[in-house]
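Understanding the architecture of this molecule
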Amino acid sequence: ISAKVGCNLLAKDGDGDIVIWEFPADGERKGKVLCIGTPLYDWHTTEGTWRWTEGYFHNNVLDMTSNAINYLKPASETASAE
């Protein structure tokens, strides 16, 4: 499928479903696109539900989001931040 639509498959879940993929920048696209599908953001929970754990789940979502944003930044912008 990646060759057919021009994307890079980055992650699959335990069932083999594609959950993270990227459309890289090329001659037609000026910037890359990172797609993060289920189950990351659809598992949003709040305090009091069985999946909510302070310092674990929510911090993982924050880390994943921050890493994705940094990954999408141009190399020049990333280098200047270090």
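To keep things clear, this report deals only with the structure shown in the data block. Predicted, not measured: the structure shown is a model, and the values here were computed from it.

Some details on the overall build of the protein chain
In terms of helices and strands, the protein chain carries three helices and three strands. Traced from its N-terminal end to its C-terminal end, the protein chain shows the element sequence α-β-β-β-α-α. Counting across all 82 residues of the protein chain, residues that qualify as buried make up 13%. Within the protein chain, contacts between residues separated by at least 24 positions form 17% of all contacts whose residues are at least 6 apart in sequence. Accessible area for the protein chain stands at about 6,300 Å²; split by element, carbon and sulfur atoms hold 55% of it.

Let's talk about the sheet that holds strand 3 (residues 33–36)
Spatial ordering of the open sheet is given by 1-2-3, a layout of three strands whose pairing is antiparallel. In the strand order of this sheet, the two ends are held by strand 1 (8–12) and strand 3, each with one partner. Pairs of neighbouring strands in the sheet enclose a mean axial angle of 15°, with direction left out of account. Pairing geometry for strand 2 (residues 18–23) and strand 3, over four bridges, is antiparallel. Its bridge partner lying in strand 3, Phe23 is registered against Val33.

Considering the side chain of Glu22
One can find Glu22 in strand 2. One buried charge, Glu22, has no salt-bridge partner; the nearest side chain with opposite charge is Lys32, at 4.6 Å. Within the structure, the side chain of Glu22 is placed 2.9 Å from the side chain of Tyr71, a separation counted as a polar contact. When residues no more than four places from it in sequence are discounted, the contact partners of Glu22 are Gly6, Cys7, Asn8, Leu10, Lys32, Val33, Leu34 and Tyr71.

Cut-offs applied
- Residue indices begin from 1 for each chain and proceed along its sequence in written order.
- For this predicted model, a pLDDT threshold of at least 70 governs which residues receive local features, and a threshold of 80 or more governs which side-chain atom pairs are given and counted, while totals over whole chains, interfaces and linings are taken from all residues.
- Side-chain calculation: all heavy atoms of the structure are included, whereas hydrogens and water are not.
- Secondary structure is summarised from DSSP: a helix means a run of H or I of at least four residues, a strand means a run of E of at least two, and numbering begins at the N terminus for each.
- Per-residue accessibility, obtained with a 1.4 Å probe over protein chains only, is compared with the maximum for each type, and a residue is labelled buried under 20%, exposed over 50%, and partly exposed between these values.
- Whether two residues are in contact is decided by their heavy atoms: any pair within 4.5 Å suffices.
- Per-residue accessibility takes into account occlusion by the displayed protein chains alone, with areas from the Shrake-Rupley method and a 1.4 Å probe.
- Pairing between two strands is assigned when DSSP locates at least 2 bridges connecting them.
- A fitted line through C-alpha atoms represents every axis, and for helices the fit uses only the stretch in contact; the resulting angles, taken between N-to-C directions, go from 0 to 180 degrees.
- When charges are counted, Lys and Arg contribute as positive and Asp and Glu as negative, whereas His and the chain ends are disregarded.
- Salt-bridge detection follows one rule: a side-chain nitrogen of Lys or Arg within 4 Å of a carboxyl oxygen of Asp or Glu.
- Any pair of nitrogen or oxygen atoms within 3.5 Å is treated as a polar contact; in protein, a donor-acceptor pairing is required on top of that, and neighbouring residues in sequence qualify only through side-chain atoms on both sides.

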